[in-house]
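Okay, here's what each chain looks like letter by letter:
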Amino acid sequence: MDLDRSVPVWPQVADELRRRLDAGRYKPGERFPGTVDIAAEFDVSQSTAQKAVAALRREGRLYTILGQGSFVKDDA
């Protein structure tokens, strides 16, 4: 995925992750990729990846278990 670096990047990353959720790439209850992995895949900073994942959590698409990671909600 080519990111448009002239505008904020985290919403673009969040949009791509949203598309993947909608396409069923990540199944309900499945562990979601960590921010380190997301940052590496999209070639962005870890804080950018954290903002993208936080947006998905706010939307109710992911939940986080401290020390275990983020997971896909059943109704995502």
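These notes cover the structure that comes with them. (Residues numbered from 1 in each chain as written. Predicted model: local features only at pLDDT ≥ 70, side-chain atom pairs only at ≥ 80, totals over all residues. Heavy atoms only, no water.)

1. Here's the deal with the overall build of the chain
Item 1. For the chain, the helix and strand inventory stands at 3 helices and 2 strands.
Item 2. Across the chain, helices and strands are ordered from the amino to the carboxyl terminus as α-α-α-β-β.
Item 3. Whereas a compact globule of 76 residues would reach a radius of gyration of roughly 11 Å, the chain reaches 12 Å, a difference of no more than 12%.
Item 4. Projected onto its principal axes, the C-alpha coordinates of the chain cover approximately 35 × 25 × 20 Å.
Item 5. Here the chain holds 76 residues, and the buried ones make up 39% of them. (Helix = DSSP H or I, 4+ residues; strand = E, 2+ residues; numbered from the N terminus. Rg over C-alpha atoms; globule rule 2.2 N^0.38 Å. Buried < 20%, exposed > 50% of the residue type's maximum accessible area, 1.4 Å probe, protein only.)

2. A few points about the side chain of R18
Item 1. For R18, the location among the structural elements is in helix α1 (residues 10–22).
Item 2. Beyond its immediate stretch of four places on either side in the chain, R18 contacts L56, E59 and R61. (Contact = heavy atoms within 4.5 Å.)

3. Comments concerning helix α3 (residues 46–58)
Item 1. The end-to-end C-alpha distance of α3 is 18 Å, a good match for the 18 Å that 13 residues give at a rise of 1.5 Å each.
Item 2. What α3 keeps buried is the set T48, A49, A52, V53, A54, A55 and L56.
Item 3. The elements touched by buried residues of α3 are α1, α2 (35–42), β1 (62–65) and β2 (69–72).
Item 4. Taken from the residues just after α3, G60 is the one with a positive phi, measuring 80°. (Expected span 1.5 Å × (residues − 1).)

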